[in-house]
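Results of the structural survey
Below are the chains, spelled out letter by letter.
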Amino acid sequence: EGYSLTGGAARMFPGMAPGAPLKPLPVDMMDEVIDKWIAKVDEYRLAGVDMLTFMFDFASNPRNDRQDEYGNQSFENRTRFQRKCLEKVKKTFGKDFLVETIIAGECDQYSTEELAEAAKAFEGLIDIFTLRERDVVASHPTGFTFAHVGDHKVTEYARKMKALGVKQAIAVNGGFQDLDEMETLLAEGVCDIISVGRGLFAEPELIKRPRKAGVRT
């Protein structure tokens, strides 16, 4: 408590009062922190959860002013702690315990090409890249009819990631509610998985609705 990997001010949501500054996590505490995290993951695994969503953050971070091997100086340094965490996950639970990350296909901090290179560096550690759009509104449609068929920037990211040689499974997320469109994207190899959240809240029987092209088995 009171520590973060990079130290500095805690990330705050709009309307939240700033908290006390956080201290950089000492290197000699990292293994202890990872072990506690693994124990918590194991609790969920024993309860029936069979995969983990991991927030992968590889971009240059101006808040990180560490001067050691966990600093902002290089990709290897910025991702060193994350690699340690994921290596421990795979060592503890095996390769069949899948790890997913949800990440924008591009943003102000990185391009899709840079994301693809980061994905390649984490082959065997991150199994699924769930891509979302860079715009929060497009990534989190709040109504069943928010998005239009064919109007998904995220599919461009998926195509590019595959063209750049990313081997992990690619999922797309954000406003997918038309079953025939989803079937087409999967059949054409644009992506491997369609991630649906709010669409199922709006229509819990969405996946059971009739498709013009037939039902996938």
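Relevant structure appears above.
Below is a summary of the structure that appears in this document. None of the values given here were measured: they were computed from a predicted structure. (Residues numbered from 1 in each chain as written. Predicted model: local features only at pLDDT ≥ 70, side-chain atom pairs only at ≥ 80, totals over all residues. Heavy atoms only, no water.)

We now examine the sheet that holds strand β7 (residues 193-195). The strand order β3-β4-β5-β6-β7 describes an open sheet built from five strands, whose pairing is parallel. Either end of the sheet is taken by a strand with one partner, and the two such strands are β3 (51-53) and β7. For this sheet, the mean angle separating the axes of adjacent strands, direction not counted, is 25°. Here β3 pairs with strand β4 (residues 98-104) via three bridges, running parallel. Across the sheet, the residue bridging to L52 is V99, located in β4. (Pairing = 2+ DSSP bridges. Helix = DSSP H or I, 4+ residues; strand = E, 2+ residues; numbered from the N terminus. Axes fitted to C-alpha atoms, helices over the stretch in contact; angles between N-to-C directions.)

Taking 1.5 Å per residue as the helical rise, helix α3 (residues 80-93) with its 14 residues ought to reach 20 Å, and the 20 Å between its terminal C-alpha atoms agrees with that figure. Every buried residue of α3 is accounted for by F81, Q82, C85, L86, V89, K90 and F93. Packed against the buried residues of α3 are α1 (27-46), β3, α2 (75-78) and β4. One or two positions beyond α3, positive phi appears at G94, with a value near 90°. (Expected span 1.5 Å × (residues − 1). Buried < 20%, exposed > 50% of the residue type's maximum accessible area, 1.4 Å probe, protein only. Contact = heavy atoms within 4.5 Å.)

Moving on, we get to the side chain of N173. Within the secondary structure, N173 sits in strand β6 (residues 169-173). For N173, a relative accessible area of 16% gives the class buried. For N173, the side chain forms a polar contact with the main-chain oxygen of S195, separated by 3.2 Å. (Polar contact = N/O pair within 3.5 Å; in protein donor to acceptor, adjacent residues only side chain to side chain.)

Attention now goes to the pairing of β4. Of all seven residues that make up β4, five are buried, and the element is covered over most of its length. Where β4 meets strand β5 (residues 128-132), five bridges bridge the pair, whose relative direction is parallel. Counted as the bridge partner of T101 is F129 from β5. Crossover β4 to β5 through helix α4 (residues 112-121) is right-handed. (Right-handed = clockwise from strand over helix to strand, strands pointing away.)

Turning to the environment of M51, a few remarks are in order. You can see M51 is positioned in strand β3. The exposure class of M51 is partly exposed, given its relative accessible area of 30%. Along the sequence, M51 and D96 sit 45 residues apart, while their C-alpha atoms lie 8.5 Å from each other. When near neighbours in sequence (up to four residues on either side) are disregarded, M51 contacts F97, L98, E100 and I128.

Here the focus is the nonpolar core. Ranked by internal contacts, the top residues of the largest apolar core, which has 45 residues, are F56, I103, L115, F129, L131 and M161. Elements represented by at least two residues in this core include exactly α1, α3, β4, α4, β5, α6 (153-163), β6 and α7 (179-187). Take this core: its biggest share by element is five residues, from α3. If sequence neighbours within four positions are ignored, F56 has contacts with T79, Q82, T101, I103, A118, F122, I126 and F129. (Core = buried A, V, L, I, M, F, W, Y, C linked by side-chain atoms within 4.5 Å.)

Each aromatic ring pair is described using two quantities: the centre-to-centre distance and the angle formed by the ring planes. Here the structure, examined in full by the defined rule, presents eight aromatic pairs. Residues F58 and Y110 carry aromatic rings whose centres are separated by 4.8 Å and whose planes lie at 45° to one another, so their mutual orientation is tilted. In this pair, F58 sits in the loop between β3 and α2 while Y110 sits in the loop between β4 and α4, placing the two residues 52 residues apart along the sequence. Each member of the pair, F58 as well as Y110, is classed as buried. Clustering of aromatic rings is evident, with ring pairs tying together F56, F58, F75, Y110, F122 and F129. A cation sits over an aromatic face here: R83 above F122, 4.3 Å from the ring centre. (Phe/Tyr/Trp six-rings, centres within 6.5 Å; stacked < 30°, edge-to-face > 60°. Lys NZ or Arg CZ within 6 Å of the ring centre and 35° of its normal.)

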